[in-house]
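Residues per chain, in single letters:
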Amino acid sequence: MKISILGTGSWGSGLAQVLADNGHEVQMWGKEITEVEDIQNNHHNSKFFTAALNPSIKASTDIQVVKGSQIVLMAVPSIALESVAKQVSPYLEEGVIIVNVAKGFHPISHERLSVVLQKAFQNKQARIVSLIGPSHAEEVVLRLLTSINAVSEDEEASRIVQEVFSNHYFRVYRNYDLIGAEIGVALKNVMAIASGILDGLGQGDNARAALMTRGLAEISRYGIYFGSKPETFLGLDGVGDLIVTCTSRHSRNFMAGYEIGREDSAKKFLENNQKTVEGMYACKIVYLEAKKHHIDMPITNEVYAVLYEGKKPSQAMIDLMARELKEE
Ligand SMILES: NC(=O)C1=CN([C@@H]2O[C@H](COP(=O)(O)OP(=O)(O)OC[C@H]3O[C@@H](n4cnc5c(N)ncnc54)[C@H](O)[C@@H]3O)[C@@H](O)[C@H]2O)C=CC1
Ligand SMILES: O=C(CO)COP(=O)(O)O
């Protein structure tokens, strides 16, 4: 099967490895010439990994290479998703399966990303599937064991995605709760920033366990308000992705928080960051939506205050602990 991947960053490359290992014809498209040339000529993406890539993976800066693809995988950050979708749309076949792997929301409308893609590809009658779960690219590229969800309202499309991606080191489940899964994987990035902050401030395992548990309660409260099934938050797109991101130094969200905690300020991080830290954007969107809908989100509110209002992380931590005592 011909499968195109839009985005030559770390996750696009990790999933290219899986698809090429499964014998598919993998064509990547990217705007960064150094990433594209490294993949095409050296079978590496050395900006992100030392591991070699499957030599059959091709990469180009010409978006027309997507023509004739049965599946198109979108592996760009949430803020770029809509513009890349509009760029690629003229070259797609009708009924193409679009697989989204970005985690977040539309930066202006605050819509879930599957909704954004459904609208962007409406004229192609595209079938949208989200492939999301606990999965650091750094491990997938090394072929370390990973489980993830293909989430869609289109059962046939999610079964195709499940078959196409699954292999001995990459196991894909199906899930039909789009709202819960997309909210779970977007909000865990906010909690990962908070978890990194605690580490940077010198807190220990007890604090992290408390943060993750109360973070999951907060994510569930938000998701259920918007129509998620509660049980989704006990699965790969809830607690699963929360664990992998809140506890790992591979996580850019965790490491952003760690730097912010060490400095006891977000200023330096915000001035210098060049990486994809989705939790920064998700935090603002969730903060605004929660305020509008009166959803109680104490951890998100404190991360927001640290990132956008100059609050000291140490003070945010004190304030979280000093809130009115209540039942779990
Ligand atoms: N890296 C990982 O382990 C995982 C990442 N994700 C999600 O995948 C999404 C993509 O992340 P990564 O690949 O990790 O980021 P990355 O920063 O490694 O790569 C992003 C890629 O998108 C490209 N890009 C950015 N803006 C663009 C634009 N306007 N037009 C065209 N290309 C553009 C960049 O040039 C780069 O090639 C994020 O939403 C992330 O949360 C999900 C699971 C795992
Ligand atoms: O989503 C991820 C793992 O599931 C990747 O996390 P980061 O974006 O924090 O690196």
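Being a predicted model, the structure only gives us computed values, none of them experimental.

Visitor: Describe the domain arrangement of the chain, with residues and values.
Guide: Per the domain assignment, the segments of the chain are domain 1 (2-176) and domain 2 (184-322). Each of domain 1 and domain 2 has a C-alpha centre, and the two are 26 Å apart. If you look at the interface, domain 1 gives 23 residues, while domain 2 gives 23 residues. Here domain 1 meets domain 2 over a buried area of about 1800 Å², counting both sides, of which 64% is carbon and sulfur. For the interface between domain 1 and domain 2, the tally reads one salt bridge.

Visitor: Report on the pairing of strand β2 (residues 25-29), specifying residues and quantitative values.
Guide: Counted residue by residue, β2 has four buried out of five residues, so it is predominantly covered. Note that strand β1 (residues 2-6) and β2 share five bridges and pair parallel. Across the sheet, residue Ile-5 finds its bridge partner in β2, namely Met-28. Where the polypeptide runs from β1 across helix α1 (residues 10-21) and back to β2, its parallel neighbour, the crossover connection is right-handed. Both β2 and strand β3 (residues 58-60) contribute to a ladder of three bridges, which runs parallel. Counted as the bridge partner of Gln-27 is Lys-58 from β3. What joins β2 to β3 is helix α2 (residues 33-42), and the crossover it makes is right-handed.

Visitor: Tell me about the site of ligand 2, and name the residues and values.
Guide: Surrounding ligand 2, one finds 13 residues, the nearest of these being Lys-103, Lys-188, Asp-241, Ser-251 and Asn-253. Separating an oxygen atom of ligand 2 from a backbone N or O atom of Ser-135 is a distance of 3.0 Å. In this structure, an oxygen atom belonging to ligand 2 sits 2.7 Å away from a side-chain N or O atom of Asp-241. Alone, ligand 2 offers 300 Å² of accessible surface; in the complex the protein occludes 92% of this. Contributing elements (two or more residues each) for the shell around ligand 2: α9 (236-246) and α10 (252-263). Top element by residues in the shell around ligand 2 is α9. It accounts for three residues. Residue composition of the shell around ligand 2, grouped by class: two nonpolar, seven polar and four charged.

Visitor: How would you sum up the UniProt feature "domain: Glycerol-3-phosphate dehydrogenase NAD-dependent C-terminal" (unreviewed entry) in the chain? Please name residues and give values.
Guide: Under the local residue numbering, the UniProt record ascribes the feature "domain: Glycerol-3-phosphate dehydrogenase NAD-dependent C-terminal" (unreviewed entry) to residues 177-317. Along residues 177-317 one finds 74% helix and 0% strand; the C-alpha atoms at either end are 33 Å apart.

Visitor: Got a sec to walk through the packing of helix α8 (residues 205-225) against helix α13 (residues 298-308)? Specific residues and values, please.
Guide: Helix packing geometry: the angle between the two helix axes and the distance between the axes. Interhelical geometry of α8 versus α13 gives an angle of 100 degrees and a closest axis separation of 8 Å. It follows that α8 is roughly perpendicular to α13 by the angle criterion. Across from Leu-211, Arg-214, Gly-215, Glu-218 and Arg-221 in α8, the residues of α13 making contact are Pro-298, Ile-299 and Thr-300. Residues of the contact of α8 with α13, tallied by class, amount to three nonpolar, two polar and three charged.

Visitor: I'd like a rundown of the site of ligand 1, residues and numbers included.
Guide: The local shell around ligand 1 holds 23 residues, among which Glu-35, Ala-137, Arg-252, Thr-276 and Glu-278 are the closest. Here Ser-10 contributes a backbone N or O atom positioned 2.9 Å from an oxygen atom of ligand 1. One of the side-chain nitrogen or oxygen atoms of Glu-278 is found 2.5 Å away from an oxygen atom of ligand 1. About the coverage of ligand 1: the protein hides 87% of its 830 Å² of free accessible area. Class assignment of the residues belonging to the shell around ligand 1 gives a composition of 11 nonpolar, six polar and six charged. Residue contributions to the shell around ligand 1 reach at least three from each of two domains, namely domain 1 (2-176) and domain 2 (184-322).

Visitor: Can you tell me about the UniProt feature "binding site: NADPH" (unreviewed entry) in the chain, naming the residues and giving the values?
Guide: When the UniProt feature table is mapped onto this chain numbering, "binding site: NADPH" (unreviewed entry) sits at Ser-10, Trp-11, Lys-31, Lys-103, Ala-137, Arg-252 and Glu-278. Here Ala-137 lies in helix α5 (residues 137-140). In contact with Ala-137, other than residues within four places in its own chain, are Ser-10, Trp-11 and Phe-49. Inspection of the secondary structure assignment puts Arg-252 in helix α10.

Visitor: Kindly report on the sheet that holds β2, identifying the contributing residues and their values.
Guide: Spatial strand order, β3-β2-β1-β4-β5-β6-β7-β8: eight strands in an open sheet with mixed pairing. Strands at the two margins of the open sheet, each flanked by one partner only, are β3 and β8 (170-175). Going across the sheet, the axis of each strand differs from the next one's by a mean of 25 degrees, ignoring polarity. Running over the sheet, α9 touches β6 (127-132), β7 (146-151) and β8 and is turned about 145 degrees from β7.

Visitor: Could you give me a rundown of the side chain of Asn-100, with the residues and numbers involved?
Guide: Mapped onto the elements, Asn-100 comes out in strand β5 (residues 97-100). We classify Asn-100 as buried; its relative accessible area is 1%. Polar side-chain contacts of Asn-100 include one of 3.0 Å to the backbone nitrogen of Ala-102.

Conventions and cut-offs
Residues numbered from 1 in each chain as written. Chains lettered and ligands numbered in written order. Predicted model: local features only at pLDDT ≥ 70, side-chain atom pairs only at ≥ 80, totals over all residues. Heavy atoms only, no water. Domains from an automatic or database assignment. Contact = heavy atoms within 4.5 Å. Buried area = accessible area lost by both parts, 1.4 Å probe. Salt bridge = Lys/Arg side-chain N within 4 Å of Asp/Glu carboxyl O. Buried < 20%, exposed > 50% of the residue type's maximum accessible area, 1.4 Å probe, protein only. Helix = DSSP H or I, 4+ residues; strand = E, 2+ residues; numbered from the N terminus. Pairing = 2+ DSSP bridges. Right-handed = clockwise from strand over helix to strand, strands pointing away. Near = heavy atom within 4 Å. Polar contact = N/O pair within 3.5 Å; in protein donor to acceptor, adjacent residues only side chain to side chain. Areas by Shrake-Rupley, 256 points an atom, 1.4 Å probe, with all protein chains shown as cover. Nonpolar A, V, L, I, M, F, W, Y, C, P; charged D, E, K, R; others polar. UniProt positions renumbered as here; feature names shortened; annotations may be inferred. Axes fitted to C-alpha atoms, helices over the stretch in contact; angles between N-to-C directions. Parallel < 35°, antiparallel > 145°, perpendicular 65-115°, else oblique.

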